Amino acid sequence: MAYSYDPDGAIFAARRQIVTGNALGIAAASTWALAFPAAEILLQDWDPLTLNAVRFVLVTAFLVPLWALIEGPRVVLNARWGHGALLGGLTFGAGSYLLLVAQQLTDAVTVAILVATMPIAGAVIELVARTRRLRLTFVIGLALSVIGGVVATGSATVGNLGMGALVAMASVVLFALGSHYSVRDFPHLSPLGRTTITLAGGCIATVVALLVSHRLGMAQFPSHRIDAAQMGLLVVFGIAGMALSQVMWIATVGKLGVAVASFHINIVPFYVMLLMMMLGESWNWQRALGAAVVIAGVVLAQKRRRQQVP
């Protein structure tokens, strides 16, 4: 048996796509991790719905001009804004808010463990859409990713489940669906365009929800003065933790699929630990072990049999 040669460079191109996709996944997850320390501080003074709405406003105000500057106003104006707004509002807008609600109802560790199941949601979506075949290496890699994600959350006791768990799982499914359909429904847009058009939809949904909730007395606008420190945290939470990370995340989904891309999310607790070490926290071997298990799952899930010829 001899291995076939690759005259058209197809194998090389596929491997380059995998390498690029995983590099983007690492960058997206590590950038997203920046939002967690910022959110931890901001939620002490901000209502979750208000904070989420302000975050989306900052993100949209940053991404729309950037998209127009890089790709031209014509591309922006000709995009399918109606569909993008509906998709983004129902998935990213609702999902990001539900994740904050879930953390209020339970705790950060419980939410982190439930978010670790996103690769399962992504795999189910791709199997239903028939964009992925179920292989043994992928199943084992998927299991390693979920196990590693749970291990990486640390040894704290999981909070009470119930409604909080259901809300968190709904958020995970919505985020996975939004990521999958962003790539499927906007094939001619760049990752920047796909991200902008859907997050703008999330912005509309969250702002409307905030205004209605405030009218009903269910949400409060911040009464304190927003100083430079708070603005800095909002920039980290919104621009870095959502705008930039989401562009790279959508690019990762386009190259790897939502299931494998989701594996990288389970390394976020490890990245958060590295960030918190700069603020005085100590090294956590359990999170490092969890990250290593997830990485093993990422590699195994993308392992393909080499084509052979007689």
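Residues numbered from 1 in each chain as written. Predicted model: local features only at pLDDT ≥ 70, side-chain atom pairs only at ≥ 80, totals over all residues. Heavy atoms only, no water.

Caption draft 1: Main features of the confidence of the model for the protein. With 88% of its residues at a pLDDT of at least 70, the protein reaches an overall mean of 82. Across the protein, the secondary-structure element scoring lowest on mean pLDDT is strand S2 (residues 308-309), at 36, and the one scoring highest is helix H4 (residues 73-77), at 95. Counted against residues more than four places away or in other chains, residues 305-310, with its pLDDT under 50, gives 11 contacts. (pLDDT = per-residue confidence, 0-100. Helix = DSSP H or I, 4+ residues; strand = E, 2+ residues; numbered from the N terminus. Contact = heavy atoms within 4.5 Å.)

Caption draft 2: Up close: the packing of aromatic side chains. In this structure the tally under the stated criterion is 4 aromatic pairs. On the basis of an interplanar angle of 65° and a centroid distance of 5.4 Å, the ring pair of phenylalanine 92 and phenylalanine 175 is categorised as edge-to-face. In this pair, phenylalanine 92 sits in helix H5 (residues 81-105) while phenylalanine 175 sits in helix H9 (residues 163-185), placing the two residues 83 residues apart along the sequence. Taking relative accessible area as the criterion, phenylalanine 175 reaches 23% and is therefore assigned partly exposed. Between the aromatic rings of phenylalanine 175 and tryptophan 249, the centroid separation amounts to 5.8 Å while the plane-to-plane angle is 35°, which identifies the pairing as tilted. In this pair, phenylalanine 175 sits in helix H9 while tryptophan 249 sits in helix H11 (residues 228-256), placing the two residues 74 residues apart along the sequence. (Phe/Tyr/Trp six-rings, centres within 6.5 Å; stacked < 30°, edge-to-face > 60°. Buried < 20%, exposed > 50% of the residue type's maximum accessible area, 1.4 Å probe, protein only.)

Caption draft 3: Highlighting helix H7 (residues 118-128). For H7, the complete set of buried residues consists of Met118, Pro119, Ala121, Gly122, Ala123, Ile125 and Glu126. Note on H7: the residue one or two positions beyond its end, arginine 130, has a positive phi of about 60°.

Caption draft 4: Highlighting the nonpolar core. Counting 38 residues, the largest nonpolar core has Val59, Leu63, Trp67, Ala176, Leu199, Trp249 and Val253 as its most contacted members. Contributions of two or more residues to this core are made by helix H3 (48-71), H5, helix H6 (108-115), H7, H9, helix H10 (191-215), H11 and helix H12 (258-263). Setting aside residues no more than four positions away along its own chain, leucine 199 makes contact with Phe56, Val59, Thr60, Leu63, Phe92, Met242 and Gln246. Counting residues in hydrophobic clusters, the runner-up holds 20 residues, among them Ala29, Phe138, Tyr271 and Ala301. (Core = buried A, V, L, I, M, F, W, Y, C linked by side-chain atoms within 4.5 Å.)

Caption draft 5: Local environment of the packing of H9 against H11. It is the contact of H9 with H11, at a shortest axis distance of 9 Å, that shows an interaxial angle of 70°. It follows that H9 is roughly perpendicular to H11 by the angle criterion. As H9 runs across H11, the sense of the crossing is right-handed. Contacts between H9 and H11 involve Phe175, Ser179, Ser182 and Val183 from the former and Gln246, Trp249, Ile250, Val253 and Gly254 from the latter. (Axes fitted to C-alpha atoms, helices over the stretch in contact; angles between N-to-C directions. Parallel < 35°, antiparallel > 145°, perpendicular 65-115°, else oblique. Left-handed = near helix turned anticlockwise from the far one by under 90°.)

Caption draft 6: Just the packing of helix H2 (residues 35-42) against H11, in detail. Running from N to C, H2 and H11 point in directions that differ by 140°, and their axes come no closer than 9 Å. Here H2 is positioned oblique relative to H11, judged by the angle of their axes. Crossing hand, H2 versus H11: left-handed. Mapping the contact onto sequence places Ala35, Ala38, Ala39, Ile41 and Leu42 in H2 and Gln230, Leu233, Leu234, Val236, Phe237 and Gly241 in H11.

Caption draft 7: Broad picture of H11. Taking 1.5 Å of rise per residue, 29 residues should cover 42 Å, and H11 covers 39 Å from first to last C-alpha, within 8% of that figure. A side-chain oxygen of the first residue of H11 lies 3.3 Å from the backbone nitrogen of alanine 229; this N-cap is aspartate 227. Once H11 finishes, glycine 257 follows within two positions and takes phi at roughly 90°, a positive value. (Expected span 1.5 Å × (residues − 1). Polar contact = N/O pair within 3.5 Å; in protein donor to acceptor, adjacent residues only side chain to side chain.)

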